[in-house]
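# Structural overview for review
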Amino acid sequence: MSEVQRRKYSQEEKNSIFDGEFMPHIDSMYNFAYRLTFDEDDAKDLVQDTYLKAYRFINSFEQGTNAKAWLFRILKNSFINEYRKKSKQPAKVDYQEVETYYNSDDVDFQGTTDLRAESVKDMLGDEISNALNSLAVDFRTVIILCDLEGFTYEEMAKILDIPIGTVRSRLHRARNLLKEKLKGYAQHMGYNTDEEE
């Protein structure tokens with residue numbers, strides 16, 4: 001570690017770094033977290049956890065470097081750790097909730113329509129979002145980081161902690177998978193998809 005990374009920031013410097021360099025990225029952090037979790041509450045929890053860790057380990061942040069990339073790496077690692085933790089736990093069922101449901105008058109009710117999904121059903125972004133969300137998390141992550149967040153290959157390699165060659169090949173495969181998933185939609189919209197590059 002360099003001298004700058006070991007430096008102990010004063011409380012005032014910590015607050016300045018946090019407010020000036022970390023907080024401007026909160027919307028991008030939430031968008032990335034939501035794309036990983038598909039759940040608003042989980043995304044908010046992940047962002048909160050990321051910012052808590054960022055503040056806790058602020059002395060390892062080198063002021064003047066890419067704060068956004070540093071935060072994205074914390075978020076990605078937190079997501080992976082939480083995902084691993086959840087995948088090792090058995091499925092949980094709230095028996096009180098099940099009992100309450102079956103004892104209620106709503107047992108025969110089939111469910112309600114999600115108005116958010118209904119209102120955007122015919123919009124362009126819906127098909128693209130569905131195709132992106134159907135990709136495996138590794139492929140979805142590189143598409144989000146590169147094409148939506150605008151990170152360079154080098155920054156992505158640092159965030160994901162993988163070699164730059166892996167970033168490039170994963171991005172290539174992810175784009176091809178996305179292209180294949182969107183081929184029918186493109187044809188429906190009138191695009192000629194028969195031509196090869």
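Right above here is the structure, for reference.
Residues numbered from 1 in each chain as written. Predicted model: local features only at pLDDT ≥ 70, side-chain atom pairs only at ≥ 80, totals over all residues. Heavy atoms only, no water.

## What about the overall build of the chain?
Along its length, the chain carries 11 helices and zero strands. Along the chain, helices (α) and strands (β) appear in the sequence α-α-α-α-α-α-α-α-α-α-α when read from the amino end. Buried residues in the chain amount to 29% of all 197 residues. Residue pairs at least 24 apart in sequence account for 67% of intrachain contacts in the chain once pairs closer than 6 positions are excluded. Carbon and sulfur atoms form 50% of the exposed surface of the chain, whose accessible area is close to 13700 Å². (Helix = DSSP H or I, 4+ residues; strand = E, 2+ residues; numbered from the N terminus. Buried < 20%, exposed > 50% of the residue type's maximum accessible area, 1.4 Å probe, protein only. Contact = heavy atoms within 4.5 Å. Areas by Shrake-Rupley, 256 points an atom, 1.4 Å probe, with all protein chains shown as cover.)

## Details of a negative patch on the surface
Residues Asp39, Asp41, Asp42 and Asp45 make up a contiguous surface patch of negative charge. Within the secondary structure, Asp45 sits in helix 4 (residues 40-56). Judged by its relative accessible area of 47%, Asp45 is partly exposed. (Patch = residues over 30% accessible without salt bridge, like charges linked within 9 Å, V, L, I, M, F, W, Y side chains within 5 Å. Salt bridge = Lys/Arg side-chain N within 4 Å of Asp/Glu carboxyl O. Lys, Arg positive; Asp, Glu negative; His and termini not counted. Charge placed at Lys NZ, Arg CZ, Asp CG, Glu CD.)

## Considerations on the pattern of salt bridges
What the rule picks out here adds up to four salt bridges. The closest approach of N and O atoms between Asp147 and Arg175, which form a salt bridge, is 2.6 Å. Separated by 28 residues along the polypeptide, Asp147 in helix 9 (residues 137-148) and Arg175 in helix 11 (residues 164-188) bring together distant segments of the chain. By relative accessible area, Arg175 is classed as partly exposed at 36%.

## Quick notes on the packing of helix 9 against helix 10 (residues 153-160)
Two measures define how a pair of helices packs: the angle their axes make with one another and the distance between the axes. Packing of helix 9 against helix 10 brings their axes to within 10 Å, and their N-to-C directions diverge by 140 degrees. It follows that helix 9 is oblique to helix 10 by the angle criterion. For the pair helix 9 and helix 10, the crossing hand works out as right-handed. Residues Thr141, Val142, Leu145 and Cys146 of helix 9 pack against Tyr153, Met156, Ile159 and Leu160 of helix 10. Here the residues of the contact of helix 9 with helix 10 are counted per class, giving seven nonpolar, one polar and no charged. (Axes fitted to C-alpha atoms, helices over the stretch in contact; angles between N-to-C directions. Parallel < 35°, antiparallel > 145°, perpendicular 65-115°, else oblique. Left-handed = near helix turned anticlockwise from the far one by under 90°. Nonpolar A, V, L, I, M, F, W, Y, C, P; charged D, E, K, R; others polar.)

## Comments concerning the side chain of Lys14
Summarising the element assignment, Lys14 is placed in helix 2 (residues 11-22). Among buried charged residues, Lys14 stands out as having no salt bridge; its nearest opposite-charge side chain is Glu13, 9.0 Å away.

## What about the packing of aromatic side chains?
Within this structure, the stated rule accounts for nine aromatic pairs. Ring geometry for Tyr30 against Tyr34: centres 6.2 Å apart, planes inclined by 25 degrees, an arrangement best described as stacked. In this pair, Tyr30 and Tyr34 both sit in helix 3 (residues 26-37), four residues apart, roughly one turn of the helix. When the ring of Phe72 is compared with that of Phe151, the centres are 4.9 Å apart and the planes differ by 70 degrees; the resulting orientation is edge-to-face. Note that Phe72 is positioned in helix 5 (residues 67-88) and Phe151 in the loop between helix 9 and helix 10, a separation of 79 residues in sequence. A relative accessible area of 0% means that Phe72 is categorised as buried. (Phe/Tyr/Trp six-rings, centres within 6.5 Å; stacked < 30°, edge-to-face > 60°.)

Interpretation note: all reported values are geometric properties and have no functional meaning in isolation.
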